[in-house]
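Survey of secondary and tertiary structure
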Amino acid sequence: MLSAVNLSDCCFERFGTAILPIEDMTPQSDKDAILKFDDENLRYYIMRLRRRPAKVSSMTRHQKATQCLGSADAQPWWMVVAEPGLAGEQLSEATTLLVRVEAGEAMKLHQGTWHAGPFFLASSALFFNLELSDTNLTDHNSHPLPTPIKLRLD
């Protein structure tokens, strides 16, 4: 069973950027999310999701774009991530990390970062999502896991 680490406490740089609250008028820094999109047609929307079981049987990655996710209804959520350089066959409980994201935090995933989620405790949740307009059609690369990973969401 995979236990969570807090986004603000883990070394998330391998997977993307932890987007944490900063004061208004703070100058740009290397802690900011740098976005990369191989296409000019972006999509920013509020995604509604229904709760899923706390287990991962496959993981997905997007090679053409970074992806940004944050809670639109201010509740904690979890994401399973794995480094972009891994081949699909290398995905397992040993090569993944379960990250807890608090209300008021968000994440930017590097191009190619493997991910599963978001997971949450409510029956449904809303997420701000920035990606390519056709990410789910042309850049949705999934790989099944040999053994599903159970998640401890607490």
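Here's a quick rundown of the structure.

Conventions used here
Residues numbered from 1 in each chain as written. Predicted model: local features only at pLDDT ≥ 70, side-chain atom pairs only at ≥ 80, totals over all residues. Heavy atoms only, no water. Helix = DSSP H or I, 4+ residues; strand = E, 2+ residues; numbered from the N terminus. Buried < 20%, exposed > 50% of the residue type's maximum accessible area, 1.4 Å probe, protein only. Contact = heavy atoms within 4.5 Å. Lys, Arg positive; Asp, Glu negative; His and termini not counted. Charge placed at Lys NZ, Arg CZ, Asp CG, Glu CD.

**Regarding the overall build of the chain**
Secondary structure assignment for the chain yields 1 helix and 11 strands. Going from the N terminus to the C terminus, the chain shows its helices and strands as β-β-β-β-β-β-β-β-β-β-α-β. Along the first, second and third principal axes, the C-alpha set of the chain runs to 45 × 35 × 30 Å. Out of the 154 residues belonging to the chain, those deemed buried represent 41%. Contacts spanning at least 24 positions in sequence make up 87% of the contacts within the chain whose residues lie at least 6 apart. Charge-centre separation for the chain: the mean point of 15 positive side chains lies 9 Å from the mean point of 19 negative side chains.

**Quick notes on unusual backbone geometry**
Residue Pro118 is reached from Gly117 by a cis peptide bond, and omega for that bond is 5°. With respect to the helices and strands, the residue Pro118 is situated in strand β9 (residues 114-119). The backbone of Met25 shows a phi angle near 75°, a positive value even though the residue is not glycine. For Met25, the position within the fold is in the loop between β2 (16-19) and β3 (42-50). With a relative accessible area of 73%, Met25 lands in the exposed category. Phi at Ala74 takes a positive value of approximately 55°, unusual for a residue other than glycine. Note on placement: Ala74 falls in the loop between β5 (67-71) and β6 (77-82).

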